[in-house]
Amino acid sequence: MAANISSNPGIYLHIPFCQKKCPYCDFYSVVDSEYRDHFVDDILKEIALIAGSVKQKAPFDTIYFGGGTPSLLTVREIETILIALYHTFSFSATVEITLEANPGTIDLPRLKAYRQTGINRLSLGIQSFINRELQFLGRIHDRQEAIQAIEMARQAGFRNLSLDLIFALPGQSKNDWLENLRMALSFHPEHLSAYNLIFEQGTPFFNRMKAGKIIPKNPDDEARFFEATVEYLREAGFLPYEISNYARNEQFISRHNYKYWTHTPYLGLGPAAHSYWDEERRGNVRSVKQYHQMVQNRRLPRVFSERIDAHTREFEHIFLGLRTYNGIDLAMFEQQFRHSFLNRYETIITPLLDHNLAEQKRDHFRLTQKGLFISDEILSQFWADPHV
Ligand code: SF4
């Protein structure tokens, strides 16, 4: 079975609206914005602007509606955006079109209509099946709505379903977490994303942690949860293909997200969206108001662009590659960077191999499960290396 990975570019659309802000979340999104009604027109303007500023070298083969809460868009709005994209750019014969959906914002007719627009992959932000945990996370849905959302997604015809879960919540026991995984697997999803709770600076959770009102799990506990996740999902036959992502098999690897880990170009549209294009990282303005004003004045809503020089590119290649279970393709590395990965980083690599933190499998170098637990520490050694 061929892995669902490609080198064609992708398109990301950031839908920056939420019904309510979750206290742990640092993604850019707003609630009750006066710019909501203008949003689709703004996106269409940006599509037209960007079409005039980029040269497409290969057809796009993914479209990803992320956010924020893309399932707050009506079916008509999604259709309008997709039609504009199809009229503007060229696409492969098979395009993976993902929509992130919040279980508290969907019903069966809406999901059926989404499916008919061509969306063929649904990513449901379940986070937990335990009401106490959902309340702690400030989610707008409960366990029953999470279950109904999954059942409705199947009834609507989604055959590529991804479920998001969060682990290592304060007070969460390992059994609570395993129960969440067990529940998720009982619906036979094609894909799972399991993230540990991070206390991002500037979020209400971060402030509560600083004030001593929330005690996060310690790193050892987090590692144990991570280890339990990998073991549980491996035993269930899932392929752990990235540090937080698991596919039922290679066919269900997220084609879009894989582009982020392999330096494959993608265009990001919408407020706060990022792009990687022509070896530059670019970022859009993080404000719906300024975004609206810029595109309506026929200006690209870009606020930064940074050329990725050879050294940064090499570090990013290592950083992104070592997050994936395939690791670094040694031949491809040498072809791209004109030197051998194993020779250049021998002083870092040898102790990793000696301590079973990394392994060389055929022509790939990758972190072991043990190494992945402390990947931040390992990756910082590459960053500190004078070669990079
Ligand atoms: S619904 Fe998603 S994007 Fe919106 S605040 Fe909650 S976690 Fe963030």
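Definitions and limits used
- Sequence order sets the numbering: in each chain, residues are counted from 1 along the sequence as written.
- Side-chain atom pairs in this predicted model are given and counted only at pLDDT of 80 or more, local residue features only at pLDDT of at least 70, and totals for whole chains, interfaces and linings cover all residues.
- The helix count covers DSSP runs of H or I at least four residues long, the strand count covers runs of E at least two residues long, and both are numbered beginning at the N terminus.
- Based on C-alpha atoms, the radius of gyration is set beside the globule rule, defined as 2.2 Å times the residue count to the power 0.38.
- With C-beta atoms placed from the backbone, a residue is labelled by how many other C-beta atoms lie within 10 Å of its own: buried for 20 or more, exposed for 12 or fewer, partly exposed between the two.
- We call two residues in contact when the distance between their C-beta atoms, placed using the backbone, is within 7 Å.
- Interaxial angle, 0 to 180 degrees, is taken between N-to-C directions of lines fitted to C-alpha atoms, where a helix line uses only the stretch in contact.
- Note that the term roughly parallel is reserved for angles under 35 degrees, roughly antiparallel for angles over 145, roughly perpendicular for angles of 65 to 115, and oblique for everything else.
- We call a crossing left-handed when the near helix sits turned anticlockwise from the far one by less than a right angle, and right-handed when that turn is clockwise.
- Buried Ala, Val, Leu, Ile, Met, Phe, Trp, Tyr and Cys residues form a nonpolar core when they are connected through C-beta atoms within 7 Å.
- Each residue is assigned to one of three groups, with Ala, Val, Leu, Ile, Met, Phe, Trp, Tyr, Cys and Pro labelled nonpolar, Asp, Glu, Lys and Arg labelled charged, and all others, Gly among them, labelled polar.
- Pairs of strands are assigned from DSSP output, requiring at least two bridges between the strands.
- Just so you know, the domain bounds were taken from an automatic or database domain assignment.

## Re the overall build of the protein chain
Part 1 of the argument: Counting its regular elements, the protein chain contains 16 helices and 15 strands.
Part 2 of the argument: What you see for the protein chain is a C-alpha radius of gyration of 21 Å, in line with the 21 Å of a compact globule of 388 residues.
Part 3 of the argument: With the C-alpha coordinates aligned to their principal axes, the bounding extent of the protein chain is approximately 60 × 50 × 45 Å.
Part 4 of the argument: Counting all 388 residues of the protein chain, 39% fall into the buried class.
Part 5 of the argument: Considering only residue pairs separated by 6 or more positions, the protein chain has 71% of its internal contacts joining residues 24 or more positions apart.

## Re the packing of helix 11 (residues 310-323) against helix 16 (residues 375-384)
Part 1 of the argument: One way to put it is that helix 11 packs onto helix 16 with a least axis distance of 10 Å and a crossing angle of 160°. Between helix 11 and helix 16, the crossing angle belongs to the class labelled roughly antiparallel. In this structure, helix 11 meets helix 16 at a crossing whose hand is right-handed. Residue-level contacts link Phe315, Ile318, Phe319, Leu322 and Arg323 of helix 11 to Ser375, Leu379, Phe382 and Trp383 of helix 16.

## Considering unusual backbone geometry
Part 1 of the argument: With an omega dihedral of 20°, the bond running from Gly67 to Gly68 counts as a cis peptide bond.
Part 2 of the argument: Structurally, Gly68 is set in the loop between strand 2 (60-67) and helix 2 (75-88).
Part 3 of the argument: Backbone geometry places Asp32, a non-glycine residue, at a positive phi of 55°.
Part 4 of the argument: As for its placement among the helices and strands, Asp32 is situated in the loop between strand 1 (10-15) and helix 1 (39-51).
Part 5 of the argument: Look at Arg362: it is not a glycine, yet its phi comes out positive at around 45°.
Part 6 of the argument: By secondary structure assignment, the location of Arg362 is in the loop between strand 14 (358-361) and strand 15 (364-367).
Part 7 of the argument: Judged by C-beta crowding, with 6 C-beta atoms within 10 Å, Arg362 ranks as exposed.

## Looking at the nonpolar core
Part 1 of the argument: Ranked by internal contacts, the top residues of the largest apolar core, which has 69 residues, are Ile11, Leu13, Leu124 and Ala153.
Part 2 of the argument: Counting residues in hydrophobic clusters, the runner-up holds 13 residues, among them Leu322, Ile328, Tyr345 and Leu367.

## A word on the environment of Ala93
Part 1 of the argument: Structurally, the position occupied by Ala93 is in strand 3 (residues 91-101).
Part 2 of the argument: Here the alpha-carbon distance between Ala93 and Pro170, two residues 77 residues apart in the chain, equals 46 Å.

## Considerations on the packing of helix 6 (residues 174-185) against helix 8 (residues 219-235)
Part 1 of the argument: Contact geometry for helix 6 and helix 8: axes closest at 11 Å, N-to-C directions at 30°. The hand of the helix 6/helix 8 crossing is right-handed. Residues Lys174, Trp177, Leu178 and Leu181 of helix 6 touch helix 8, and the partners they reach there are Arg224, Phe225, Ala228, Thr229 and Tyr232.
Part 2 of the argument: In terms of residue class, the contact of helix 6 with helix 8 is made up of 6 nonpolar, 1 polar and 2 charged.

## A closer look at the sheet that holds strand 13 (residues 328-329)
Part 1 of the argument: Strands sit in the order 13-15-14 across an open sheet of 3 strands; the sheet is antiparallel. Two strands bound the open sheet, and with one partner strand each, they are strand 13 and strand 14.
Part 2 of the argument: The pairing of strand 14 with strand 15 spans 4 bridges and is antiparallel. Among the inter-strand pairings, Lys361 is bridged to a residue of strand 15, identified as His364.

## Brief notes about the domain arrangement of the protein chain
Part 1 of the argument: When its domains are assigned, the protein chain resolves into domain 1 (10-261) and domain 2 (310-384).
Part 2 of the argument: Its C-alpha centre places domain 1 at a distance of 28 Å from the equivalent point of domain 2.
Part 3 of the argument: Each side of the interface is counted separately: domain 1 has 9 residues, and domain 2 has 8 residues.
Part 4 of the argument: Of the residues forming the side of domain 1 that touches domain 2, the biggest block, 4 residues, is contributed by helix 8.

## A look at the pairing of strand 4 (residues 121-127)
Part 1 of the argument: Burial analysis of strand 4 places 7 of its 7 residues in the buried class, the great majority of the element.
Part 2 of the argument: Side chains Arg121, Ser123, Gly125 and Gln127 project from strand 4 onto one buried face, and the interleaved Leu122, Leu124 and Ile126 project onto a second face that is buried too.
Part 3 of the argument: In the sheet, strand 3 pairs with strand 4 via 4 bridges, with the strands oriented parallel. Bridging from a neighbouring strand, Ala101 pairs with Leu124 of strand 4.
Part 4 of the argument: As judged from the 4 bridges shared by strand 4 and strand 5 (residues 161-167), these two strands associate in the parallel manner. Residue pairing for strand 5: Leu122 is matched across the bridge by Leu161.

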